[in-house]
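Residue strings, one per chain:
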Amino acid sequence: MELRLYDTMTKEKRVFTPIDPSNVRMYVCGPTVYDFAHIGNARPVIVFDVLFRLLRHIYGDKHVTYVRNITDVDDKINDRAVRDFPGLPLNEAIRKVTETTANQFQADVAALGCLPPTHQPRATEFVLPRPDGKADMVTLIKQLIARGNAYEAGGEVLFDTQSMPDYGALSGRKLEEQKAGARVAVDVHKKNPADFVLWKLSSENEPGWDSPWGRGRPGWHIECSAMSAAYLGDVFDIHGGGLDLIFPHHENEIAQSRCAHGTSVMANYWMHNGFLQVEGEKMSKSLGNFFTINELLTTDRFGGRKWPGEVLRLAMLKTHYRSPIDWTVSSLEEAFQNIGNWNDALSPHALSNMPGSYALPDEILEAVADDLGFSKVIAQMHQWAKLSKTGDASAAKKLAGTADFLDLGRSGWDKTLQEFLFKTATDNALNSKFDELIAAREDARARKDFKESDRIRDELAAMGVVLKDGRDADGRPVTTWEIAR
RNA sequence: GGCCACGUGGCGGAGUGGUUACGCAACGGUCUGCAAAACCGUGUACUCCGGUUCAAUUCCGGACGUGGCCUCCA
């Protein structure tokens, strides 16, 4: 088995070879915690979570280091701090804003079945030189100035893009084209319009740190250069994030890191997930189709119901990570049905509920190792579900092993399905009324009073309850019910 | 305007130079008092126009279309 990953830098799938198999290193750009994370933010978190699990499977749990940062220095955070905590000193208000949203983010992605990364550094802790000597932004900027890759002008420290001959390699942009586009703001103090800010001065009411260039705050990109170096070194294996980060964020990270460290690459593989649309349209607050992870989990804003985390996770994984994904109610319903179907397939087999009880099947390992090819995985799971229903225990175990590897919450499926179907009938009085009616109908059927039994069925149907007549293992009639979908 | 990705059956979504994705829906059947559910089975699709080839949905060129980036948005 060899792992192959698509590398944005070379635009091709390449066999993955770690720098050090005893410590495989991956960095993914995390959220800016000015607000609750939206469902689009969840995509890279889920995708790279599966890659993390795959790497752990291949190289061993103790031999993979996954870093996902939390950006807590940002102008939007400042705005929100002023809005939400007008009485507090700014720095304290900022801490409050980011604490709440960062905690919410952790809870949300945990509900989506994502493992915590090995390290989750916060940008504010890496601005100034640190007692532990880990890389920091101010030192990085000093190095860039010393090496002639950055200059001070107009109260800012700027990266000199012309000092780097192959600037733009990741995004395929050339500096001349940037000029031709003419959309880049013309700042007189910049040597080149493409030059970007490493450090900018803060006014009185903005958060700031004392630096050799005055009290100020870092530019957008430098934090990732600092935090990746701090935990993963100057050169590491995989750097991931959303497609939109290719330019300018990752391009500029590369420029900063490579020039400061004097290396020819920053990371060996650059991976980017595609964007998410909602019902065919770009998600935006103005269109009213903007949904946070938390809203999907806990409110009925999307499709009129709450969605279990594993349904959201499965829906996300059903589309290849590099393709655009259309986030629709029907796609979530389908994911829910898939889980219901798999649960039906597994329940007769009395499998262990302990995650990890069943091995990851080779077929799945091979599919996932081919640039995270989940569609093959899903197809395979359906096939095993079919076999499992015919009594094939080894297929059931493979299905369980796959669900556990992807962390689709198998041990909780029964409960999840119950809660999901009962969404309009959570109160016990109503449930026992259903049971009474069903029992009455059983009696009527036994008496062959089909007029009465059909009347009861209609009565339940009017309440949105669908009956399912079947037989148990001994061939005796059994009636179950569920909420009409 | 520049750069990039993509265009597959009713829908979603893989993949391939000549052979079955898969799921949902639909249709047919079995079962059922009748339904529903469940189970079994059915589908021959690949934007358009050229080119290469014995053969293209798959390779090349063009057209049209969609989406993304080019303003700290995953």
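Model, not experiment: these values are computed from the prediction.

## A few points about the confidence of the model for chain A
Atomic detail in the predicted coordinates should be set aside for any region of low pLDDT. Considering every residue of chain A, the mean pLDDT works out to 87; 94% of them sit at 70 or more. Averaged over each element, pLDDT in chain A is lowest for helix α5 (residues 175–181) (50) and highest for strand β4 (residues 64–68) (97). Within the model, the stretch residues 179–185 combines pLDDT values under 50 with 4 contacts to residues more than four positions away or in other chains.

## A few points about the sheet that holds strand β8 (residues 216–218)
Strands belonging to one sheet form pairs held by backbone hydrogen bonds; the direction of such a pair is parallel or antiparallel. Taken together, 4 strands build an open sheet; the order of strands is β5-β6-β7-β8 and the sheet is antiparallel. Unpaired on one side and paired on the other, β5 (150–153) and β8 mark the two borders of the sheet. With direction set aside, neighbouring strand axes in the sheet form an average angle of 25°. As defined by bridge partners, strand β6 (residues 156–159) adjoins strand β7 (residues 196–201) across 4 bridges and the pair is classed as antiparallel. Within β7, the residue paired with F159 across the bridge is F196.

## Quick word on the protein's contact with RNA strand B
Among the 42 residues in the neighbourhood of RNA strand B, the closest are listed as K76, K200, G242, L245 and D469. Protein-proximal atoms of RNA strand B, defined as those within 4 Å of the protein, fall in sugar or phosphate at a share of 50%. Taking H38, its side chain carries an N or O atom lying 3.3 Å from a base nitrogen of RNA strand B. In the environment of RNA strand B, a phosphate oxygen lies 2.6 Å from a nitrogen or oxygen atom belonging to the side chain of K389. With 5 residues, the top contributor of residues to the surface near RNA strand B is helix α12 (residues 374–389).

## Topic: the sheet that holds strand β13 (residues 325–327)
Ordered by their spatial adjacency, 3 strands build an open sheet running β12-β11-β13, and the pairing between neighbours is mixed. Each end of this open sheet is capped by a strand with a single partner; those strands are β12 (281–282) and β13. Taken together, the 2 bridges between strand β11 (residues 276–278) and β12 define a ladder with antiparallel strand orientation. Counterpart to Q277 in the pairing with β12 is K282.

## As for the pairing of β7
In this sheet, β8 lies alongside β7 in antiparallel orientation, the contact comprising 3 bridges. Along β8, the bridge assignment pairs W199 with P218.

## Looking at the side chain of S211
Among the secondary structure elements, S211 is positioned in the loop between β7 and β8. Judged by its relative accessible area of 15%, S211 falls in the buried class. Dropping the residues within four chain positions of it, S211 is found in contact with V138 and W199.

## A closer look at the side chain of R25
Note on placement: R25 falls in strand β3 (residues 24–28). A distance of 2.7 Å separates a polar atom in the side chain of R25 from the backbone oxygen of L232. Excluding its chain neighbours within four sequence positions, the residues that come into contact with R25 are I19, D20, T65, L232, V235, F236, D237 and I238.

## Observations concerning the state of the cysteines
Applying the stated rule across the entire model yields 0 disulfides. Unpaired in this structure, C259 has its nearest cysteine sulfur neighbour in C224, at a distance of 17 Å. Exposure remark for C259: the relative accessible area of 11% places this residue in the buried category.

## Re α12
Over its 16 residues, α12 extends 23 Å from the first C-alpha to the last, a length consistent with the 22 Å expected when each residue adds 1.5 Å. The complete set of buried residues in α12 reads F374, V377, I378, Q380, M381, W384, A385 and S388. Down the axis of α12, the sector holding all buried residues measures 165°, keeping them to one side. Facing away from the buried side of α12 by more than 90 degrees, the exposed set consists of S375, K376 and K386.

## Here we look at the pattern of salt bridges
Counted under the stated rule, the structure contains 26 salt bridges. Two residues, D370 and R4, come together in a salt bridge whose shortest N-O distance is 3.3 Å. Here R4 lies in strand β1 (residues 4–7) and D370 lies in the loop between α11 (362–369) and α12, a separation of 366 residues in the sequence. Its salt-bridge partner being R53, residue D407 comes within 3.1 Å of it at the nearest N-O pair. Here D407 is found in the loop between α13 (393–405) and α14 (413–421), whereas its partner R53 is found in helix α1 (residues 39–59), with 354 residues between them in sequence. Classification of D407 as partly exposed rests on a relative accessible area of 29%. Several salt bridges converge on common partners, so that one network encompasses D49, R53, R313 and D407.

About the cut-offs
Residues numbered from 1 in each chain as written. Chains lettered and ligands numbered in written order. Predicted model: local features only at pLDDT ≥ 70, side-chain atom pairs only at ≥ 80, totals over all residues. Heavy atoms only, no water. pLDDT = per-residue confidence, 0-100. Helix = DSSP H or I, 4+ residues; strand = E, 2+ residues; numbered from the N terminus. Contact = heavy atoms within 4.5 Å. Pairing = 2+ DSSP bridges. Axes fitted to C-alpha atoms, helices over the stretch in contact; angles between N-to-C directions. Near = heavy atom within 4 Å. Polar contact = N/O pair within 3.5 Å; in protein donor to acceptor, adjacent residues only side chain to side chain. Buried < 20%, exposed > 50% of the residue type's maximum accessible area, 1.4 Å probe, protein only. Disulfide = S-S within 2.5 Å. Expected span 1.5 Å × (residues − 1). Arc of directions from axis to C-beta. Salt bridge = Lys/Arg side-chain N within 4 Å of Asp/Glu carboxyl O.

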